Amino acid sequence: MAGEDTYILGTVNYWCREKHFRHIQNVSFESQKKYHGDSVLKFFNAFGMLLEGRIQESIREFDSLYNNPDVNLSSTLGLIHGHRKTKVIDKDTIQNLDAKLKTERKQGSEKSYYLAGMFLIHVEKHDRAQEYIDRAVKMNPQNKDILALKGWLDLLSSDENIAVKSIKFFEDALSISGTKCLNALFGKARYLEMRRNFLGALDTINEAVVHFPQSIPALIEKMKLQVALQDWDQAVDSANRALALNSNCLMAKHYLVLHCLCKEGNYSEAANAIEDILGAFVVDEPQNAYLVDRFARVFCRVSGRNALVLQQTYALQEKAVTIDSDNPAYLSELGYELLLQNRARDAARCFNNALKMDESNIFTLTGLLWCQLLENQLEEAAKQLEFLNELKDTIGTSAELVYLNALLCLKRNNPSMMTIDLLDKATKKHLEGIKGLPLGTDYFLALNPVFLINVISDYLTFAPQQPLNKNQAPDRVLQKSLQLLDPICRAVPGLQIATYYSAKTKFLSGDTDGATTLLHRCLDQDPTSSDCHVLMAQIHLHTNNFKLANQSLEVGLSYNFEVREHPVYHLIKARILKKQGDIEGAAKTLQHAMSLPGVKNPEKSGPFGGSKKKTVDITTNERVSVFIELADAHRQLGQTHEATKVMQDAMNDFHGSGEEVRIAIANADLILARGDVEGALATLRGIGPEQSYYVKAREKMAEIYLHHRKDRRLYASCYRELAEKYPGLQTSLLLGDAYMSIDEPEKAIAEYESAMKRNPQDHALASKIGQALVKTHQFNKAISYYEASLKQGGKQVLRYDLAELLMRMKQFEKAEKVLKQGLSVENPDSDTLVEAARYMLLLSRIYHQQERYEEKLQYLMKAKETQDRILMRANVDQPESVHLLRQYAAEICGEIAQYYIQQRNHAQAINFYRDALSYSEGNGKIILELAKLYMKTEDFESCEHQCMTMLRTDKETDSANVMLADLMFRKNDFDQAMSYFERLLSHRPDHYAGLEKVIEILRRAGRLEECVKLLDMAEKSSGRAVIDAGFNYCKGLYEWYVGNSNKALKHFNKARKDADYGYKATYNMVEICLNPDNETIGGEVFDAEVDEVGRERREKADGELIALSTADKLLKEMKPKPIDLRYRILCNMVLVASKNKVRTEEGLANLLEILKLGEDVIGALYGSAVAYMILKQVPKARNQLKRVIKAGWSMEDADDFEKSWLLMVDIYIQSGKYDHATEILKKCLHYNKSCCKAYEYLGYLMEKEQSYKDAAQNYELAWRYANRSNPSLGYKLAFNQLKAKRYVDAIDVCHQVLQLHPTYPKIKKEILDKARSMVRVPGTSSKSG
């Protein structure tokens, strides 16, 4: 029977998952030959019809199977599903079917449960499928197909904890004797694939191919995995095997097209193959709009916008629209295809039609907007962009939308940094979509190379057009372009435009060898590419190979005569002529270039540029180059007047641009030609080292000093200055050459020796050159030097330098490989062991960056063992090196201690810090870290001992004083704590670390007003204090604590970019944004009072949205360490504070994950309690807060403790447990006497008990510590003073509130006027109240 044939079941399940609906019917039809009249096969046939959209036919088929016991459940489900998809839904029929289903499922067989579960899985009703499949498993736990289906159900779960269990069911199914279960093999392979074990998955699929050699699905999965492994040749072989079994195999054809496009770049063959696929669809999947659309999407995105390919992908997409004309996504994709063909108006029509079906589709909206920008409808596009940006919280956003903002800025000539920043944001968001995806169809769709090429093209608009030299810092735009091009070129090596842009970017970055290699690859693929030939000519010209430069230009011209109309062609030609000595020919060529459109006056280009005359793209750099080259040609010909005129035109046209410096250097040549040496030098001196052409300016100055001033000392000093400003190989060689040119060979030899040591074969040269290249950020060349030296038997010290560089470049696997090769030495000597210990320590740092913490610890321990062995040998063999070796051993122990701190294993961390001190006694840094750890674990006696040790050694004295003061405070010895701080701040008022601690202590002592004097002293101690990050951080802290949130934000913002204070400042800014009004988030006691005082809820809600958005932005701008719990907690608090149910639940889930780390994380406990309160799950919130109350207080978590206590107080008050609330409030005030919220709650409790005098006293303290700025507190204070008959005090408070908030409601009428009426007025009589 078909229901027991594991091959048929596996095949049908596969086609269902992959949405090949006609294939399901074909399998059913073919299998009828073997199992004639089988009801299961008939069910599969009906199921295929249903999925394909042939609803009425499927209903008739299901009706015929309605009463068959094997398929009754699945057929009933099919009927219900089918009736719900009809245009006119028969509710009575569905109701009857539901009733029958409830009856039948109580007495089903294992087969009927299996088929029902299978049906529900493939219609994506996984929750309902669970019941049927579990029943089937229970009835027959040895049925391999049932176990496999159960595995698939778990694997498809969104819960990773469930998905990970799926492998057990697959393994169990495969362990049962008999024919291998095809569905289980597919499931196991998919499980391994999802965990990126592609080789293991491929082995599993190979097993399926061996057991089922006629299985096309097995071959398709094999192709998929081979592509993921980038083994394109094997994927092609598998595709051909599949085609041998079925000449119309769509997926085989699909992968062959991807091979043509991605690997080979053969667009004509790909276009023909796509046309063939269109015909195959008619045969194999004639009604499958989903599959047609998917094929069209992926092909067009890797097409490189080739016209032939786009023509065929458009035909595919048209077919998808024809099959399902009611699907707006297909229509939008059709518009996108037209957009890629530059048919913006036609595309706009498609997008408009799609919008009629779905007005909120972000892809459709951005597509329409793109059309407007291409047609230069900038005002309309700007309005639409503003509208979409405002709606991004509702309809979402996309990388395309951010990119279109950048494109609008570009077209409006907005500041370049604005456009570049937007491009950065767009690419960041876009690349997030490819994370974790294996190479394949989904990856190509997410990567969308066509889109990224557009972005790169816009980036390069802002790139320098002349190659950087070795001493120049890397260009941000070029770096970003290379970062984007890297994944494209790796995934789609056949995409010629990406390879061309890579070559151009490498050339401009100074990597001419890399650029040449890439261009050769381009020309091998397409010898007719004129752009590649022109770029090759530029590279040859840059390397002074004029013959090859000329040859490249002529070859490019032979393929495209329009090249002659581009100014760059004439510019390169003129440079070649000049270098060959033909100055007159160069001048004529440049004059012709000046007459071309866009050189003197830039014109817009493109189909919608607004110019009737055909124009070409030319950059500002290229325009400036034409001017400079022409002026130089006139100068060399002695035509000074003409040269001056050209340069004057250039200075006028390009004033204020980035190319102005180049013009200044060229102008210095003209000034010099007129004999004004001092004028030329003055012009060049005005060019500073921070400017991009500084080296050229200094070389020009040196030339003037030598040839015009005849001053050899100043000539050499120019190169010495270069060597000092840009230390590295190139400048050292330049200085050596300079000494040689002025006949000072000794000095030249010294410079050469410092640069080259002995000779080019000496491997120390590679280390020095590599280090110089690293300093100038030419990492690829540095790697090449190191690798070449290692291959030639270089010293092992180079291996460490290479691995460290690879680690900095995030090439962790390569770095790991390099280091492990160094560790594979057998019978190492002492020197090899020393290097091995360094390798191990570096390996641990690499594993840390990869979050492979267990392996990190493993290699740290190995490093320590190795270093101990080295020390044992060194005590005998090299006693002079013992001191340095012991320092290194201490460093290793310190790293191990840091690991245990991150793992919150403080006891082990203390042990290893002690070990570190045993190697390096008196090491102030280690003592300080150990003292901090003792403080954290509340071992105050040991902490004090370490601090006193530091003070005795007179090292880190300030740090010791700060820590001792902090220690005294924690021991409640306030006076002693302040004495330490006064001692420190008296001689160093700008010791901001100490000042920060003082502010914290004074806050907790209830004496914040004393901070003002200390801050004034710090400000007066230095003229730079107001811009110092430390001062601004301390000032922000004070303003925050006294309730001035806005001022605090301004000060924290000034410290946000600082290396020392940046993280803390940003976190504090986020805390303020989350709770700007110092409320009890999640609390409800004071909510009712908001309306009583007339506060506008809408304004508050708007402010909260802005604040949350700011907090989210601040966190996204950070680059936290992977183990930074505070960052994770705050990110989730942003979700929780949104009070949106879905986001709050997401935040809660993440916070609960943090709590699984082991210890109680107070911040996570507080955050989860707030989330529970927002979700109205008060008992769960209370349970979390009880854990906080039971935990021991610590200074590090003090604020989280306080917020937790206050939230618990709020809960107790709500439930009427005033005694418990009062007890916690007293505890809160014990640790922070400035806690205005605690006083406010106490005032509220007293007010509830009608003890107005006590209430007024507490509200008065709250009012004081809130800096008398909170009108709500002022109102409460005045009200209770009125009730307590303190009328004058009530009047004073009312005046204070009204002075700051003149329109504050009710206070005048209800309190001020009443208080005034109760005050005795002289000369009048009144009855005593």
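If you're wondering where the values come from, they're calculated on a predicted model, not measured in any experiment.

### Remarks on the overall build of the protein
- When you go through the protein residue by residue, the secondary structure sums to 73 helices and zero strands.
- Within the protein, buried positions represent 54% of all 1329 residues.
- Taking the intrachain contacts of the protein between residues at least 6 apart in sequence as the baseline, contacts between residues at least 24 apart amount to 58%.
- As displayed, the protein has an accessible area near 61600 Å², and 48% of this comes from carbon and sulfur atoms.

### Structural notes on the pattern of salt bridges
- This model, assessed by the stated rule, comprises 63 salt bridges.
- Of the charged contacts in the structure, one is a salt bridge between Asp346 and Arg349, with a shortest N-O distance of 2.0 Å. Here Arg349 and Asp346 lie together in helix H21 (residues 344–357), a separation of three residues that amounts to about one turn.
- Judged by relative accessible area, Asp346 falls into the partly exposed class, the value being 24%.
- For Lys1237, the salt bridge identified is with Glu1240, shortest N-O distance 3.2 Å. Taken as a pair, Lys1237 and Glu1240 lie in helix H69 (residues 1236–1248) at a separation of three residues, close to a single helical turn. For the pair Lys1237 and Glu1240, a shared accessibility class is recorded, and that class is buried.
- Through salt bridges with shared partners, one network takes in Glu18, Arg190, Glu193, Glu221 and Lys224.

### What about helix H47 (residues 812–822)?
- Along H47, the positions that sit buried rather than exposed are Phe812, Ala815, Glu816, Val818, Leu819 and Gly822. Considered in projection along H47, the buried side chains sweep an arc of 165° and stay on one side of the axis. Residues of H47 that are exposed and angled more than 90 degrees away from the buried face: Glu813 and Lys817.

### Quick notes on the packing of aromatic side chains
- Using the criterion set out here, one finds 30 aromatic pairs in the structure.
- Their ring planes at 50° and their centres at 5.8 Å tell us that Phe43 and Phe44 sit as a pair that is tilted.
- With a relative accessible area of 0%, Phe44 lands in the buried category.
- For the ring pair Trp1040 and Tyr1041, a centre distance of 5.9 Å and an interplane angle of 20° mean the geometry is stacked.
- Taking the ring centre of Trp152 as reference, the NZ or CZ of Arg17 above it sits at 3.6 Å.
- Here the guanidinium or amino end of Lys862 rests over the ring plane of Tyr859, the centre of that ring lying 4.7 Å away.

### Here's the deal with the packing of H47 against helix H48 (residues 830–849)
- The N-to-C vectors of H47 and H48 enclose an angle of 160°; their axes lie 10 Å apart at closest approach. Considering the angle they form, H47 stands roughly antiparallel to H48. In this structure, the crossing between H47 and H48 has a hand that is left-handed. Across from Phe812, Ala815, Glu816, Leu819, Lys820 and Gly822 in H47, the residues of H48 making contact are Tyr839, Leu842, Leu843, Ile846, Tyr847 and Gln849.

### Description of empty space enclosed by the protein
- Under the definition given, this model contains three cavities of 30 Å³ or more.
- Reported here for the largest cavity is a volume of approximately 70 Å³.
- At the level of secondary structure, the elements contributing two or more residues to the lining of the largest cavity comprise helix H20 (328–340) and helix H22 (362–374).
- Here the lining of the largest cavity gets four residues from one element, more than from any other, and that element is H22.
- Split by residue class, the lining of the largest cavity holds five nonpolar, three polar and one charged.

### Re the side chain of Asp458
- In this fold, Asp458 is placed in helix H28 (residues 449–459).
- Within the buried core, Asp458 has no salt-bridge partner, and the shortest N-O distance to an opposite charge, that of Lys411, equals 8.3 Å.

### Regarding a negative patch on the surface
- Side chains of Asp231, Asp233, Asp237, Glu264 and Glu269 sit close together on the surface and give a patch of like negative charge.
- For Asp237, the location among the structural elements is in helix H15 (residues 232–245).

Reading the values: the criteria
- Residues numbered from 1 in each chain as written.
- Predicted model: local features only at pLDDT ≥ 70, side-chain atom pairs only at ≥ 80, totals over all residues.
- Heavy atoms only, no water.
- Helix = DSSP H or I, 4+ residues; strand = E, 2+ residues; numbered from the N terminus.
- Buried < 20%, exposed > 50% of the residue type's maximum accessible area, 1.4 Å probe, protein only.
- Contact = heavy atoms within 4.5 Å.
- Areas by Shrake-Rupley, 256 points an atom, 1.4 Å probe, with all protein chains shown as cover.
- Salt bridge = Lys/Arg side-chain N within 4 Å of Asp/Glu carboxyl O.
- Arc of directions from axis to C-beta.
- Phe/Tyr/Trp six-rings, centres within 6.5 Å; stacked < 30°, edge-to-face > 60°.
- Lys NZ or Arg CZ within 6 Å of the ring centre and 35° of its normal.
- Axes fitted to C-alpha atoms, helices over the stretch in contact; angles between N-to-C directions.
- Parallel < 35°, antiparallel > 145°, perpendicular 65-115°, else oblique.
- Left-handed = near helix turned anticlockwise from the far one by under 90°.
- 1 Å grid on protein atoms, 1.4 Å probe; cavity = no way out; pocket = protein on both sides within 12 Å on 5 of 7 lines; lining within 4 Å.
- Points joined across faces, edges and corners; volume = space filled by probe spheres on them.
- Nonpolar A, V, L, I, M, F, W, Y, C, P; charged D, E, K, R; others polar.
- Lys, Arg positive; Asp, Glu negative; His and termini not counted.
- Patch = residues over 30% accessible without salt bridge, like charges linked within 9 Å, V, L, I, M, F, W, Y side chains within 5 Å.
- Charge placed at Lys NZ, Arg CZ, Asp CG, Glu CD.

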